[in-house]
Every structure is written in C-alpha cells, then in structure tokens.
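# Fold and contact review
These are the residues of each chain, in order.
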Amino acid sequence: MKLRVSTPWMLLSTMVGSIVLGACGAVHVATDGVRTSLYAPAEPATRPGAPPTSPERLAPPASSSRQPASGSRLGLHELLAYAQEHGPAVRVASARHGVAAADGVEARELLHDNPQVRFVARDLALGEGDAFGFEVGILQRLEIAGQHALRLRTAEARRLMFESLLGETRWAVRVEVQRLFARILLMRERVRHAQRFVEFAEAMSRIAGRQVELGESSPLVRLVANVEVAQAQAMLVEARQAQRSLRHRLAGVVGWPSPELPEVEGDLPPVQPALSAMQLLALMAEHHPALRTRELAVLAGREHLRSANRDAVPSPTVGVAYESEAAPAGEGRHQSWTVRMIIPLPLWSQNQVARARAEAELVLADREREETITRLRVEVREAASALDAAAEQV
C-alpha cells in the first residue's frame, strides 16, 4: 500500500520540478549586449526534394550517423543531445533564424533603389532644314537622412531576437525531454506495481476458488476476487498504454527517425523542497529565455519605429545628363552637360502606413512582455508550492 501512495507523489514532484526548471531558464535578460555563445548557430535549411504529399515526405527522416545503435539504451544526456540537433521544434526555430539573417542582406545594401537611365531623341524642324538632337542621362535616388544605418540596426535587432527565440526553443525542448523522461521512468514503476497487483489478485482468486469448492466460503467471495483480478488487469493495460504513449511523445520531441524509441534508462532525482519564491523570481528575471526574447522584441520594435519615422524624410534624386543638338544653318552641334536634382514634397504621403504599423507592433511587443512576466510569476509560485507539498508527502 505504501508504494501505491508514494508513486503519484513522485510523479507530481517530478512534473513540478520540470516546471520550476522551465521557469528559471539559462539565458540572461539584458537590454543591450548579447552573449551569442549561449546559442548554437542556425542550421542550414534543406530544400525539400519531394512534394508535401509524397510518400518520401511522410516517411521518417533518414538515420543520422550520430544516432545510437538501435539495440542500445538511451540515457537522459543522449536524448538531450539528440533533441538539440534533430528536434522538430529546434529545426523550425533554426530556419526562422535563417530567415531573419536573410532579411539583413537587403538592409546591407547601400543604395536602396536601382539607378534610372533616361534617353530622349528629337527631330528639330527648322527653316533651313531638319536637325537631330538627343539627350541621355542617369538618375539615382539617394538617402541622406541616415535611413541605411537605421535599417542595419533594425535588421541586427531582429536577428538577435530570432537568435534568442532559437535559444528559448532549445531550452523548452530540453525541459520537455526531461519531463517526459521522468514520466517514462515513473510509468515503468507503475507497470511493475500493476503486474504485482495482478499476480496478487490472481493468487487471491485461486484461494477463493478452492475455499468455495471446499464449501468454506460463499460463491460471492470468488466473484469479488474475479472482479479484483479484472480491475488489476485493466490497471496494467492502462499503465502499459500510458508508457507507450509517453515513448511516442518523447520520440516526436527529440525527432527520433525510427518508429520505436529504444529503451530509456536512468534514475529519478530525489525530491527536495523548492527555493523561496523571492529567490526563484530573481532567477527567473535574470535567466529565463522567454523574458530575454520579449525584451529583444521590444528593442527590435523600437528600432523598426525609428527607421519608419526616418523613412518619411524625403530622399532626393540626383542625376547627370548629356545633351547634343544640331545648330541651325550647319553651324555645328550644340553640346551641354546638365546636373539635375529632384526633391519630393512630403505633402500627402509621409510613410503613414509603415509608421502606424511599426508603432502598433511596438505596443504589441511591450504588452507581450508584460503578459509573459505576469504569467511566469504565477507559474513559478504555483510550481514552488506544489513541489513543497510533494516533498512533504514523500
């Protein structure tokens, strides 16, 4: 009876411990400066070679050379290392980081617009005869208000934000792998206990059957014993199904290529009381990766708004043209060089749409940061309280 009581509390304490670990991540929250060594570089995106609905796309990915042998057992460290490289969520976040890096290519272009070539040919009808003239020139729009530098800062801020999002995804996958690993170990113990209950119920059913045959007990006793056997067998089937379901979920999180995940092995850590709420909140504010991502999103929004406001400044178009015309009465040709400058007047169009959208995105990023802080505070307090309760019961 003691094993049946302690196992649920071990499951609860392990799940709560995973939540606490997730609430105290391993990335520093800062408003300036980036420690890029905390994040792995983005993996190169692979171009799919088959249509989305083809059997090749639906089949599991090819086995990696770093994959452990199929007959070996997997520990927690092997699963974590494999998930950081092959986890679907990590690969998606890595691809998004690559998209953000590609956006910086446009920002690095010094001249945002292509030059324009202007050619004019005309036939002059004069009294002494016809004369032919032409004009050729080139025009280039120039940004003189620092738009290029602000676009570079915006692109860099977005790259850092997606880099932080990649680190947040890696940490979330790590926490989920640890949680599923612990639950699989606990479910394995539950299966063993259920098997013992089945053996015990079957033994009691045989004893009750012999007592009924000898006339020492009522047939109702054997009926009750058979019901207990059926209940114990149902518990065993449920435990085995839950164990298989957890193994499938863990295989999906780590991106295991084969349908069946090898057996996992390891020991459950001891259940210990959580730190104080103030200590956990301080660790959360300093290290949680979600907070860092939200902070960098706010910084990226500020840079985007500053760049949108600067784009409203008129950008002149400067050009040079060469003109040649025939002079009347065969007096030769008239040649001239002309420098032109076109300055737009910002009377109606002042980049209002982009500026309004950038301001709205900045407000959204700030609200998301506040929501994340509030939600994580509640999760940390709830997880710490549940972990303390579990430690008292074990």
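Above this note sits the structure.
Below you will find a few notes about this structure. Just so we're clear, the structure is a prediction, and the values are computed from it rather than from any experiment.

### Considerations on the pattern of salt bridges
- Under the criterion given, the structure shown has 21 salt bridges.
- Taking the shortest distance from any N to any O, the salt bridge between Arg141 and Glu143 comes out at 3.8 Å.
- Taking relative accessible area as the criterion, Arg141 reaches 31% and is therefore assigned partly exposed.
- When its relative accessible area of 23% is taken as the criterion, Glu143 is described as partly exposed.
- Note that Glu263 is salt-bridged to Arg247, the shortest N-O span being 3.6 Å. Here Glu263 is found in the loop between helix H6 (219-254) and helix H7 (277-287), whereas its partner Arg247 is found in helix H6, with 16 residues between them in sequence.

### Details of unusual backbone geometry
- Even without glycine at this site, Asn351 takes up a positive phi of about 60°.
- By secondary structure assignment, the location of Asn351 is in the loop between strand S4 (333-342) and helix H9 (352-393).
- With relative accessibility at 24%, the residue Asn351 sits in the partly exposed group.

### Focus: helix H4 (residues 88-107)
- Spanning 20 residues, H4 covers 30 Å between terminal C-alpha atoms, matching the ideal 28 Å at 1.5 Å per step.
- Considered for burial, the residues of H4 that qualify are Val90, Ala93, Ser94, His97, Ala100, Gly104 and Ala107. Taken end-on, H4 shows its buried residues confined to a sector of 115°, consistent with a single buried face.
- On its buried side, H4 packs onto helix H3 (76-86) and helix H5 (147-213).

### What about the packing of H5 against helix H8 (residues 289-311)?
- Following both chains from N to C, one finds H5 and H8 inclined at 165°, their axes separated by 8 Å at the closest point. Judged on the interaxial angle alone, H8 and H5 are roughly antiparallel. Judged by the twist between their axes, the crossing of H5 over H8 is left-handed.
- Taken together, the residues that form the contact of H5 with H8 break down as 11 nonpolar, 6 polar and 10 charged.

Cut-offs and rules
Residues numbered from 1 in each chain as written. Predicted model: local features only at pLDDT ≥ 70, side-chain atom pairs only at ≥ 80, totals over all residues. Heavy atoms only, no water. Salt bridge = Lys/Arg side-chain N within 4 Å of Asp/Glu carboxyl O. Buried < 20%, exposed > 50% of the residue type's maximum accessible area, 1.4 Å probe, protein only. Helix = DSSP H or I, 4+ residues; strand = E, 2+ residues; numbered from the N terminus. Expected span 1.5 Å × (residues − 1). Arc of directions from axis to C-beta. Contact = heavy atoms within 4.5 Å. Axes fitted to C-alpha atoms, helices over the stretch in contact; angles between N-to-C directions. Parallel < 35°, antiparallel > 145°, perpendicular 65-115°, else oblique. Left-handed = near helix turned anticlockwise from the far one by under 90°. Nonpolar A, V, L, I, M, F, W, Y, C, P; charged D, E, K, R; others polar.

On their own, these measurements won't tell you what the molecule is for.
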